[in-house]
Amino acid sequence: MGELVLVCGGAGYIGSICVHELIETGYDVVVFDNMTKGHKDAVDSRVKELVVGDVRNEEDLNAVLSKYSFDACMHFCADSLVGESVKVPLKYYDNNMNGAIELAKALTRHNVGRIVFSSTAAIFGEPNPEFVPIAENCPKEPTNPYGETKLSIEHMLRWTTNAHDLKATCLRYFNAAGALPNIGEDHSPESHLIPIVLQVALGKRDKLAIFGDDYPTRDGTCVRDYIHVVDLAHAHIKALEYMKDESPKFNTFNLGTSNGLTVKEIIETSRKVTGHPIPADVGPRRDGDPATLVADSRRAQEVLGWTVRFGDVESIIRSAWEWHQGHPDGYAQ
Ligand SMILES: NC(=O)c1ccc[n+]([C@@H]2O[C@H](COP(=O)([O-])OP(=O)(O)OC[C@H]3O[C@@H](n4cnc5c(N)ncnc54)[C@H](O)[C@@H]3O)[C@@H](O)[C@H]2O)c1
Ligand SMILES: O=c1ccn([C@@H]2O[C@H](COP(=O)(O)OP(=O)(O)O[C@H]3O[C@H](CO)[C@@H](O)[C@H](O)[C@H]3O)[C@@H](O)[C@H]2O)c(=O)[nH]1
């Protein structure tokens, strides 16, 4: 029998892929998700249970934590749209902050000793070019409420691990992308660049809007570091193993490929992968978008022994394209 992991948000995009990789590695898994954005069909059929509950709800958490004896927890639950967070900040403070606080309280009550938390590149805000690629100690000045809530949760976890018998690892993903053959990205409404580009290629949309071409980048569009979601999943497993040994109680790692690509470059590569012209018009900037976010992930490589296995963006887009072709309506079909 492997260790038992509680995966909160395990019916969502990144969480469901982590669940699959955990089970493949020999872990047992219970998924806990309120299903506001999760998909039942994304959850591996080998999980011990898919519990429908809300991380903000003490009773829901007590029920699952009393039923099972967990070795560790992964926390993927959040609202996570940069633009939306600028428009409705209180939704983000409510779900992200309150969810993480209730979960941390429940883990300490039930003596669960390890948590891996989904943090984000958005905690760094608009880094001065001298700090790009972005290492863990880069100044943190979020430019949107989403990043603010994630940074506050990191601080809350640091103080909680200081006071309790709990270890935490915050993994700051840059832009998650790609798919497994049967698990992919299906957000509704979709706001992420690669799935939107592929929906145009599938004929589900006529064209897409490029949000601004007047940024200080090589072609004027925003630069992001797209990392394969399976590589992210493997970093979670490495973090669980690391915290089992003599690790510090609180840890942070930046996770990306260190290869920054512009919005226009992503569209161009997608044209090559799909063979579709993918029409795109330049529109206004989206609120809260920093110009450039590229990771320096050497610390995760050196300390966790993590490696990027699927770093080439063309193969990342190809894996997403294969999933989207097989699931043109997402999980709805
Ligand atoms: N997608 C990215 O590129 C990216 C990058 C950096 C960080 N992140 C972070 O990674 C995590 C997962 O992202 P994702 O793209 O898989 O998102 P997602 O929306 O697909 O998954 C989140 C899951 O959490 C569930 N959930 C949300 N609030 C909940 C609550 N209060 N109680 C119980 N379940 C709840 C949703 O139903 C969903 O299944 C998020 O925390 C996000 O902020 C994502
Ligand atoms: O229709 C679109 C959609 C997106 N973009 C641009 O494409 C880039 C990537 O956007 P998106 O895919 O929405 O990702 P981000 O806004 O960079 O945010 C993602 O990456 C962050 C870390 O970098 C995470 O924290 C967030 O959760 C995750 O949504 C940005 O410059 C957007 O302005 C467009 O130009 N047109």
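Now for a quick tour of the structure. Counting restarts for each chain, with residues numbered from 1 along the sequence as it is written. The lettering of chains begins at A and the numbering of ligands begins at 1, in the order of writing. pLDDT decides what is reported in this predicted model: residues at 70 or higher carry local features, side-chain atom pairs at 80 or more are listed and counted, and totals for whole chains, interfaces and linings draw on all residues regardless. The side-chain values count all of the structure's non-hydrogen atoms but skip hydrogen atoms and water molecules.

## Here we look at the site of ligand 1
Here is step 1: Here a residue counts as near a molecule or strand whenever at least one of its heavy atoms sits within 4 Å of it. The environment of ligand 1 is formed by 30 residues, the closest being Ile-14, Asp-33, Asn-95, Tyr-146 and Lys-150.
Here is step 2: Between Val-55 and ligand 1, the recorded distance is 3.0 Å, taken from a backbone N or O atom to a nitrogen atom.
Here is step 3: Take Tyr-146: an N or O atom from its side chain is 2.6 Å from an oxygen atom of ligand 1.
Here is step 4: The Shrake-Rupley method, run with a 1.4 Å probe, gives the accessible areas here. Residue values count only the displayed protein chains as cover. Within the complex, 97% of the 830 Å² of free accessible area of ligand 1 lies under protein.
Here is step 5: Strands here mean DSSP runs of E at least two residues long; helices mean DSSP runs of H or I at least four residues long; both are numbered from the N terminus. Secondary structure elements with two or more residues in the shell around ligand 1: helix H1 (13-25), strand E5 (114-120), helix H5 (145-163) and strand E7 (175-177).
Here is step 6: It is E5 that contributes the most residues to the shell around ligand 1, 3 residues altogether.
Here is step 7: Classifying every residue of the shell around ligand 1 by side-chain character gives 12 nonpolar, 13 polar and 5 charged. Residues adjacent in sequence count toward polar contacts only when both atoms are side-chain atoms; beyond that, a polar contact is any pair of N or O atoms within 3.5 Å, and within protein one must be able to donate a hydrogen and the other to accept it. In the scheme used here, Gly and all other residues not listed as nonpolar or charged are polar, with Ala, Val, Leu, Ile, Met, Phe, Trp, Tyr, Cys and Pro taken as nonpolar and Asp, Glu, Lys and Arg as charged.

## Remarks on helix H10 (residues 313-326)
Here is step 1: With 14 residues, H10 extends 20 Å from end C-alpha to end C-alpha; this agrees with the ideal 20 Å at 1.5 Å per step.
Here is step 2: Per-residue accessibility, obtained with a 1.4 Å probe over protein chains only, is compared with the maximum for each type, and a residue is labelled buried under 20%, exposed over 50%, and partly exposed between these values. Within H10 the residues assigned to the buried category are Val-313, Ile-316, Ile-317, Ser-319, Ala-320, Trp-321, Trp-323 and His-324.
Here is step 3: Of the surrounding elements, those touching the buried residues of H10 are E7, helix H6 (193-201), strand E9 (223-228), strand E11 (260-262) and helix H8 (263-274). Expected span of a helix: the number of residues minus one, times 1.5 Å. Here a residue-residue contact requires only that any non-hydrogen atoms of the pair lie within 4.5 Å.

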